[in-house]
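# Inside the fold
One letter stands for each residue in the lines below.
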Amino acid sequence: MSTATPPSPEARPVRLVIVDDDPLVRAGLTLMLGGAGNIDIVGEGSDGTEVAALVERSHPDVVLMDIRMPGMDGLAATEALRRLPGAPEVIVLTTFHADEQVLRAIRAGAAGFVLKDTPPAQIVDAVLRVAAGEPVLSPAVTRRLMARAAGDPADDGRDRRARARRRFAGLGEREQDVASAVGRGSSNAQIAAELHLSIATVKTHVSRILARLDLNNRVQIALLVHDAGLLHEAGDDGEARGTGPA
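The notes below deal with the structure included here. (Residues numbered from 1 in each chain as written. Predicted model: local features only at pLDDT ≥ 70, side-chain atom pairs only at ≥ 80, totals over all residues. Heavy atoms only, no water.)

Turning next to the nonpolar core. Counting 23 residues, the largest nonpolar core has Val-19, Val-51, Val-63, Met-65, Leu-81, Val-90 and Val-92 as its most contacted members. When contributions to this core are tallied by element, the ones reaching two or more residues are β1 (14–19), α2 (51–58), β3 (62–66), α3 (74–82), β4 (89–94), α4 (99–108), β5 (112–115) and α11 (218–227). Ranked by residues supplied to this core, first place goes to α4 with four residues. Setting aside residues no more than four positions away along its own chain, Val-63 makes contact with Leu-16, Val-17, Val-19, Val-55, Leu-81, Pro-88, Glu-89, Val-90 and Ile-91. Listed in part, the 21 residues of the second largest apolar core include Val-178, Ala-192, Leu-215 and Ile-221. (Core = buried A, V, L, I, M, F, W, Y, C linked by side-chain atoms within 4.5 Å. Buried < 20%, exposed > 50% of the residue type's maximum accessible area, 1.4 Å probe, protein only. Helix = DSSP H or I, 4+ residues; strand = E, 2+ residues; numbered from the N terminus. Contact = heavy atoms within 4.5 Å.)

It is worth spelling out the sheet that holds β3 at this point. Taken in spatial order, the five strands make up an open sheet running β2-β1-β3-β4-β5, and their pairing is parallel. Where the open sheet ends on each side, the last strands, each with one partner, are β2 (39–45) and β5. Shown here is a sheet whose adjacent strand axes are inclined to one another by a mean of 25°, direction ignored. Pairing geometry for β1 and β2, over six bridges, is parallel. Counterpart to Val-17 in the pairing with β2 is Gly-43. (Pairing = 2+ DSSP bridges. Axes fitted to C-alpha atoms, helices over the stretch in contact; angles between N-to-C directions.)

We now examine the pattern of salt bridges. Throughout the structure, instances matching the rule amount to eight salt bridges. Its salt-bridge partner being Arg-12, residue Asp-61 comes within 2.8 Å of it at the nearest N-O pair. Linking Asp-61 in the loop between α2 and β3 with Arg-12 in the segment before β1, this pair joins segments that are 49 residues apart in sequence. With relative accessibility at 53%, the residue Arg-12 sits in the exposed group. Asp-66 is the salt-bridge partner of Lys-116, the closest N and O atoms lying 3.4 Å from each other. On the criterion of sequence distance, the pair formed by Lys-116 in the loop between β5 and α5 (120–131) and Asp-66 in strand β3 is long-range, its members being 50 residues apart. Look at Asp-66 and you get buried, because its relative accessible area is 4%. Residues participating in the shared-partner salt-bridge network are Asp-20, Asp-66 and Lys-116. (Salt bridge = Lys/Arg side-chain N within 4 Å of Asp/Glu carboxyl O.)

Taken N-terminus to C-terminus, the directions of helix α8 (residues 173–183) and helix α10 (residues 199–213) make an angle of 95°; their axes are 10 Å apart at the nearest point. Between α8 and α10, the interaxial angle falls into the category roughly perpendicular. In this structure, α8 uses Arg-174, Glu-175, Val-178, Ala-179 and Val-182 to contact α10, whose residues at the interface are His-205, Val-206, Arg-208, Ile-209 and Arg-212. For the contact of α8 with α10, a count of residues per class yields five nonpolar, one polar and four charged. (Parallel < 35°, antiparallel > 145°, perpendicular 65-115°, else oblique. Nonpolar A, V, L, I, M, F, W, Y, C, P; charged D, E, K, R; others polar.)

See below:
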């Protein structure tokens, strides 16, 4: 995992809410993340049912959300939270690799996926990156999720591909180029070099793609490109990279 750009001295700390049903895990995360200096823990919860009120009260930039919780689990809480206007970003926190659950969380709008045994510095980095608008998924996890999406039993593959292609066709030609590059895992700098654009222009195109397709983040763009079958058409080299940083 790459290291996030250190914030400038005048930048305010990232406001973080931690939601986990294990009080020891919450205490450990609070101690670890709160001591980072550029992260401010503004709330804690033990169940998904508490998330909406926590967010309304504390106005976080990021929610670190456990998947497995009693009452309302982290997946349902993420889906409910991301439907709210101005919702914070969500990082899914879990003790295991669970493709189906992580895929559901990403489709709901989660911007990251972190295992609980991830080294502390990398969890801090993940929070800072997501707050800066970068999705946090390793290339290996991204490839597994893309493959899993193709075999989703809840949807017929041909219907999903047709729907994805109709949505993709609604983009302008340059937006399609940028979306395809995002799907291949290219960073903004790589896309700018490939398409002979400035990085600022690439960021503008990505923002327009998200708005036009009603998506939350770059990972969802990559999923749409995959669903449309465009990664396969691009060849193995493009498909071999995961979704990278902005």
